[in-house]
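Observations on chain architecture
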Amino acid sequence: MKTENRVMSPLLMYLSITFVATLLISNVIANHMLVFIRWSIDAGTITFPITYIISDVLSEVYGYKWSRRVAWTSLAINAVFALIIIVIVRLPSPEWYEGVYFTNALANSWRIVVASLVAYCVGDLADDRVFRRLRERNRKKYDGKENMRGFAFRALASSLVGHILDTNLFVFIAFAFIVPWNELPGMIILGILIKWAYEWAIIPVTYLVTKWVHRKEDEYAKLKP
């Protein structure tokens with residue numbers, strides 16, 4: 001089934017919306033710090049791996065072009081979010097309003113979003129490229145036919161490359177000169193391990209979801225006039 005140039009289906013729309021919302025949520029909650037054993041991590045680490053899982057599903061079912069379209073749309077929306085935050089925290093507030101709480105919670109969001117934009121562009125691009133190369137090699141092996149064999153390896157291998165690049169860039173851009181320097185290496189190592197372990201744990205679900213999306217898209221294509 002050729003899907004690179006397909007019109008957006010309901011399933012593709014839902015996946016795209018979930019991707020955009022998850023990245024936005026991750027950038028907001030990344031302002032909050034958590035402690036895991038002895039190391040510090042940003043709360044966005046909990047939800048951010050979902051974007052890589054959805055990206056793998058998009059690449060596997062709909063192709064590289066659609067995966068890129070969704071990623072660029074998400075980054076644009078997050079950039080607008082950061083710009084709005086920068087503007088509103090500088091606008092005058094009533095005397096009775098304690099704006100310091102909002103400012104403390106979200107004023108650093110612009111830096112989080114900038115870090116996310118740079119890190120995600122590099123990390124997700126690397127993830128998609130590796131996934132695409134492995135998928136093309138799988139296609140050649142099966143004479144150009146779509147085949148889910150090796151999906152878990154493609155998803156995990158490509159995501160590891162993405163997480164290493166993404167986490168290093170994100171932590172340094174978002175938290176340098178804010179978080180103590182001795183905390184940064186631990187944040188990077190722990191962030192990579194948590195994100196990748198998350199994907200290992202959920203890969204059976206990702207595999208089933210991908211097969212289900214494949215089947216539904218085939219059914220949807222047959223219903224079209």
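Residues numbered from 1 in each chain as written. Predicted model: local features only at pLDDT ≥ 70, side-chain atom pairs only at ≥ 80, totals over all residues. Heavy atoms only, no water.

Our next topic: the nonpolar core. With 24 residues, the main nonpolar core has Leu15, Leu58, Tyr62, Tyr120 and Val213 as its most contacted residues. At the level of secondary structure, the elements contributing two or more residues to this core comprise α1 (10–29), α3 (49–61), α4 (64–88) and α6 (109–141). The element that contributes the greatest number of residues to this core is α4, accounting for seven residues. When near neighbours in sequence (up to four residues on either side) are disregarded, leucine 58 contacts Leu12, Leu15, Gly63, Ser67 and Val70. With 13 residues, the next largest nonpolar core counts Ile112, Ala115, Ala174 and Ile188 among its residues. (Core = buried A, V, L, I, M, F, W, Y, C linked by side-chain atoms within 4.5 Å. Buried < 20%, exposed > 50% of the residue type's maximum accessible area, 1.4 Å probe, protein only. Helix = DSSP H or I, 4+ residues; strand = E, 2+ residues; numbered from the N terminus. Contact = heavy atoms within 4.5 Å.)

Below, the discussion takes up the pairing of strand β2 (residues 39–42). In summary, the side chains of a regular strand alternate between the two faces of the sheet. When strand β1 (residues 33–36) meets β2, the two strands line up antiparallel, connected through four bridges. Bridging across to β2, methionine 33 finds its partner in aspartate 42. Linking two consecutive strands that pair antiparallel, namely β1 and β2, is a turn of two residues; a positive phi of about 60° is found at isoleucine 37 within it. (Pairing = 2+ DSSP bridges.)

Attention now moves to the packing of α1 against α4. Running from amino to carboxyl end, α1 crosses α4 at an angle of 40°, the nearest separation of the two axes being 9 Å. Put simply, α1 runs oblique to α4. Note that α1 runs across α4; the crossing there is right-handed. Facing α1, whose interface residues are Leu12, Ser16, Phe19, Val20, Leu23, Leu24, Asn27 and Val28, α4 presents Trp66, Val70, Ala71, Ser74, Leu75, Ile77, Asn78 and Phe81. (Axes fitted to C-alpha atoms, helices over the stretch in contact; angles between N-to-C directions. Parallel < 35°, antiparallel > 145°, perpendicular 65-115°, else oblique. Left-handed = near helix turned anticlockwise from the far one by under 90°.)

What follows covers α4. Count 3.6 residues to each turn of an α-helix, and residues three or four apart come out pointing the same way. A rise of 1.5 Å per residue sets the reference length of α4, with its 25 residues, at 36 Å; its end C-alpha atoms lie 37 Å apart and thus fit the reference within 8%. When we look at burial in α4, the residues that qualify are Tyr64, Trp66, Ser67, Arg68, Val70, Ala71, Ser74, Leu75, Asn78, Phe81, Ala82 and Ile85. (Expected span 1.5 Å × (residues − 1).)

In this structure, alanine 197 sits in helix α8 (residues 184–223). Distance from alanine 197 to proline 49, taken between C-alpha atoms, is 9.7 Å for residues 148 residues apart in sequence.

Let us look at the pattern of salt bridges. Under the counting rule described, the total for this entry stands at five salt bridges. Put simply, arginine 68 and aspartate 128 hold a salt bridge, and the shortest N to O gap is 2.9 Å. Highlighted residues: arginine 68 in helix α4 and aspartate 128 in helix α6, separated in sequence by 60 residues. Each member of the pair, arginine 68 as well as aspartate 128, carries the same accessibility label: buried. Note that aspartate 166 is salt-bridged to lysine 195, the shortest N-O span being 3.5 Å. Here the residue aspartate 166 occupies a position in helix α7 (residues 151–175), and lysine 195 occupies one in helix α8, the gap between them amounting to 29 residues. According to the relative accessible area criterion, lysine 195 is buried, its value standing at 5%. (Salt bridge = Lys/Arg side-chain N within 4 Å of Asp/Glu carboxyl O.)

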